[in-house]
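Observations on chain architecture
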Amino acid sequence: MDYVIYIIPQMIAGIGVSLNIFVLTLLFAIPLGFLMALGRLSKIQPIRKAVEFYVWLMRGTPLMLQLFFFYFALPAVGILLSDFNAAIVAFVFNYSAYFCEIFRSGIGAIPKGQYEAAHTLGMSYTQTMRRIILPQVVRIVLPPVSNETITLVKDTSLVYVLAMNDLMRTTRNLVQRDFNMTPFLVAAAFYLFATFILTEIFNRIEKKYSKHVQQ
């Protein structure tokens, strides 16, 4: 126990890096993914095809490869990014593609008759989306968004490859320095705790939203 208390301050610093990546990725990837979902559903073919290609590229290549690209390859063309900025750009680009498909499927699940009814009532496209479509889409996409968010918690460990002092690198350094496996257990406890909290939060949101919809 004394050893755990001793290493906790060092691991908290690593947790801070992982938490920053997690929060910033969600902050930018969710709205970007929604905008791209609208692009995927656009009647303008160049926009639709461009987004389709982007989603195919981001989902078809490993996130680790994308991290390497933004950190090591871009400097070759004069674009220099710090390790943290490269990580944020890679995570946002990658996760926005997944959120795009989630939102696209959610919007696509709404019957076309609701769009037609809203048009008949004189609603604009913006009003239709805000008042009728989006409230239903939110309820539909909550489970897959929850899954992607939990996956993101674990994927933050990939920034280890950029030599960032995140939780995983800090954990490995402590294990190598002290020849003690306890930091691995502490790191595992953190990831389990984080996923438990997120699961509970999303479960509460889903239950609350379902009750609201039923009423």
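Heads up: these notes are all about the structure in this document. (Residues numbered from 1 in each chain as written. Predicted model: local features only at pLDDT ≥ 70, side-chain atom pairs only at ≥ 80, totals over all residues. Heavy atoms only, no water.)

1. Observations concerning the packing of helix α2 (residues 45-60) against helix α4 (residues 83-108)
Orientation of α2 relative to α4, taken along the N-to-C sense of each, is 120°, at an axis distance of 9 Å. Regarding the angle of α2 to α4, the classification is oblique. As for how α2 packs across α4, the hand of that crossing is left-handed. For the pair α2 and α4, the contacting residues are Val51, Tyr54, Val55, Met58 and Arg59 in the first and Phe93, Asn94, Ser96, Ala97, Tyr98, Cys100 and Glu101 in the second. Here the contact of α2 with α4 is built from residues that sort into eight nonpolar, two polar and two charged. (Axes fitted to C-alpha atoms, helices over the stretch in contact; angles between N-to-C directions. Helix = DSSP H or I, 4+ residues; strand = E, 2+ residues; numbered from the N terminus. Parallel < 35°, antiparallel > 145°, perpendicular 65-115°, else oblique. Left-handed = near helix turned anticlockwise from the far one by under 90°. Contact = heavy atoms within 4.5 Å. Nonpolar A, V, L, I, M, F, W, Y, C, P; charged D, E, K, R; others polar.)

2. What to know about the side chain of Thr156
Among the structural elements, Thr156 can be located in the loop between α6 (125-155) and α7 (167-178). Of note is the side chain of Thr156, whose polar atom sits 2.6 Å from the backbone oxygen of Val153. Sequence-distant contacts of Thr156, defined by excluding residues within four places in its chain, comprise Ser18, Ile21, Phe22, Phe91, Asp166 and Tyr191. (Polar contact = N/O pair within 3.5 Å; in protein donor to acceptor, adjacent residues only side chain to side chain.)

3. A few points about the packing of aromatic side chains
Aromatic rings considered in pairs are described by the distance between their centres and by the relative angle of their planes. For the coordinates displayed, the defined rule picks out 13 aromatic pairs. Plain terms: the ring middles of Phe69 and Phe70 are 5.4 Å apart, the flat faces sit at 80° to each other, and that makes the pair edge-to-face. Judged by relative accessible area, which is 9%, Phe70 ranks as buried. Ring geometry for Tyr95 versus Phe99: centroids 6.3 Å apart, planes at 45°, classification tilted. In this pair, Tyr95 and Phe99 are both assigned in helix α4, four residues apart and thus about one turn of the helix distant. There is no split in this pair, since Tyr95 and Phe99 are both buried. Ring pairing ties together the aromatic residues Phe34, Phe91, Tyr95, Tyr98, Phe99 and Phe103, which thus form one cluster. (Phe/Tyr/Trp six-rings, centres within 6.5 Å; stacked < 30°, edge-to-face > 60°. Buried < 20%, exposed > 50% of the residue type's maximum accessible area, 1.4 Å probe, protein only.)

4. With respect to the pattern of salt bridges
Tallied over the entire structure, the rule returns six salt bridges. Glu52 serves as the salt-bridge partner of Arg40, at 3.2 Å between the closest nitrogen and oxygen. Of this pair, Arg40 sits in helix α1 (residues 2-40) while Glu52 sits in helix α2, and the two are 12 residues apart along the sequence. Of the residues examined, Arg40 reaches a relative accessible area of 16% and is grouped as buried. Residue Glu52 is classed as partly exposed on the basis of its relative accessible area of 27%. Here Glu52 ties to Lys49 by a salt bridge, and the two come within 3.8 Å at their closest N and O atoms. Placement of the pair is Glu52 and Lys49 together in helix α2, with a separation of three residues, close to one helical turn. Residue classification places Lys49 among the partly exposed positions, given a relative accessible area of 43%. (Salt bridge = Lys/Arg side-chain N within 4 Å of Asp/Glu carboxyl O.)

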